[in-house]
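Read off the chains here:
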Amino acid sequence: MTSFYFEHQKIFLSVDCIIFGFDENKLKVLIGKRQMDPGRGEWSLYGGFVRTDESVDDAALRTLYELTGMKNVYMRQVGAFGSVDRDPGERVVSIAYYALINVKDYDSRLLEEHGVEWVDIEAIPPLYSDHQEMVNKARKMMREKIKSNPVGFRLLPQLFTLTQLQRLYEAVNGEELDKRNFRKRVKEMDFIEKTNLIDKISSKRGAYLYRFNNKAYNEDSNFKL
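The text that follows walks through the structure, step by step, so that each part is easy to find.

The rules behind these values
- Residues numbered from 1 in each chain as written.
- Predicted model: local features only at pLDDT ≥ 70, side-chain atom pairs only at ≥ 80, totals over all residues.
- Heavy atoms only, no water.
- Patch = residues over 30% accessible without salt bridge, like charges linked within 9 Å, V, L, I, M, F, W, Y side chains within 5 Å.
- Areas by Shrake-Rupley, 256 points an atom, 1.4 Å probe, with all protein chains shown as cover.
- Salt bridge = Lys/Arg side-chain N within 4 Å of Asp/Glu carboxyl O.
- Helix = DSSP H or I, 4+ residues; strand = E, 2+ residues; numbered from the N terminus.
- Buried < 20%, exposed > 50% of the residue type's maximum accessible area, 1.4 Å probe, protein only.
- Contact = heavy atoms within 4.5 Å.
- Polar contact = N/O pair within 3.5 Å; in protein donor to acceptor, adjacent residues only side chain to side chain.
- Axes fitted to C-alpha atoms, helices over the stretch in contact; angles between N-to-C directions.
- Parallel < 35°, antiparallel > 145°, perpendicular 65-115°, else oblique.
- Nonpolar A, V, L, I, M, F, W, Y, C, P; charged D, E, K, R; others polar.
- Core = buried A, V, L, I, M, F, W, Y, C linked by side-chain atoms within 4.5 Å.
- Phe/Tyr/Trp six-rings, centres within 6.5 Å; stacked < 30°, edge-to-face > 60°.
- Lys NZ or Arg CZ within 6 Å of the ring centre and 35° of its normal.

**Details of a nonpolar patch on the surface**
Nonpolar side chains collect at one region of the surface, where Phe12, Met36 and Phe49 lie side by side and expose about 290 Å² of accessible area between them. Inspection of the secondary structure assignment puts methionine 36 in the loop between strand E2 (26-33) and strand E3 (43-44). The class of methionine 36 is partly exposed, set by a relative accessible area of 40%.

Put into structure tokens, the structure is as follows:
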């Protein structure tokens, strides 16, 4: 390390991950009780400090992998959070990222190992510092993204019914959607394909299964571990 900038105050840099999942027709967030001071015992997002030998993107990917053990996860930067008094311990600026994972692919043993749990986004308890603001901004970004991009496939199984897809969109947007209008919109989405397979488990009458177009999938998944 050099001796440049010694006259300036040192500021800590961290990353925080907003990890979204979709389960039981609910949009959920992975949170846990904070295990360090300040704020020990408070509900919090999962994060960590950026190391001197890594970029902020690499730090976020490392943090995400530590928590989920998953690679090739869809993740996007939410933004910087740097209020002067956001951390009572030190002057800390945090770069937040949101990630989308399929809850069924997540090893449930990691929940206990890291002391985290899936919580319905509509029933999140008070969070440490500005973490609720991070969640709100990430959800807003996802709402805009899902209108025109196939990001929802990260939260669903490979094959899904239109009812499952509608429930996902409703969970992300926080409001009910008209069934007829929604299905009309789906027909205009070239990245969603109807298959010849029928779901007879969740639908008594049987419902066609759909999948996301692979071309759209590849175009939208360039941020990988």
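Next, the rest of the story.
**What about the environment of aspartate 130?**
Note that aspartate 130 resides in the loop between strand E7 (116-120) and helix H3 (131-146). Residues aspartate 130 and glycine 115, spaced 15 residues apart in sequence, show a C-alpha to C-alpha distance of 20 Å. What aspartate 130 contacts, discounting residues up to four positions off in sequence, is Phe81 and Arg86. A polar contact of 2.8 Å, which involves the side chain of aspartate 130, links it to the side chain of arginine 86.

**What to know about the packing of helix H4 (residues 162-173) against helix H5 (residues 179-187)**
For the pair H4 and H5, the least separation of the axes is 11 Å and the interaxial angle reads 100°. Viewed along their axes, H4 and H5 adopt a mutual orientation that is roughly perpendicular. Side by side, H4 and H5 meet where Leu162, Thr163, Leu165, Gln166 and Tyr169 of the first sit next to Lys179, Phe182, Arg183, Arg185 and Val186 of the second. Residue classes in the contact of H4 with H5 are distributed as 5 nonpolar, 2 polar and 3 charged.

**Concerning the nonpolar core**
Proteins that are soluble and globular tend to have nonpolar side chains buried together. Counting 41 residues, the largest nonpolar core has Ile18, Phe20, Val29, Tyr98 and Leu165 as the members making the most contacts within it. Those elements that place two or more of their residues in this core are strand E1 (12-23), E2, strand E5 (74-81), strand E6 (92-100), H3, H4, H5 and strand E9 (207-212). Take this core: its biggest share by element is 6 residues, from H4. Ranked by size, the runner-up nonpolar core spans 22 residues in total, among them Leu67, Met70, Val73 and Val103.

**Considerations on the side chain of aspartate 23**
Within the element layout of this structure, aspartate 23 appears in strand E1. Accessibility expressed as a relative area gives 18% for aspartate 23, which makes it buried. When residues no more than four places from it in sequence are discounted, the contact partners of aspartate 23 are Lys28, Val103 and Lys104.

**Topic: the side chain of arginine 139**
Relative to the helices and strands, arginine 139 resides in helix H3. Aside from chain neighbours lying at most four places away, what touches arginine 139 is Phe20, Leu27, Ile121, Glu122, Ala171, Val172, Asn173 and Gly174.

**With respect to the packing of aromatic side chains**
What the rule picks out here adds up to 8 aromatic pairs. Connected via pairs of aromatic rings, a cluster forms that spans Phe20, Tyr74 and Tyr98. One residue, arginine 34, lies across the ring of tyrosine 128, its end atom 4.0 Å from the ring centre. Positioned above the aromatic ring of tyrosine 208, the side-chain terminus of lysine 194 is 4.0 Å from the ring centre.

Taken by themselves, the reported measurements are silent on function.
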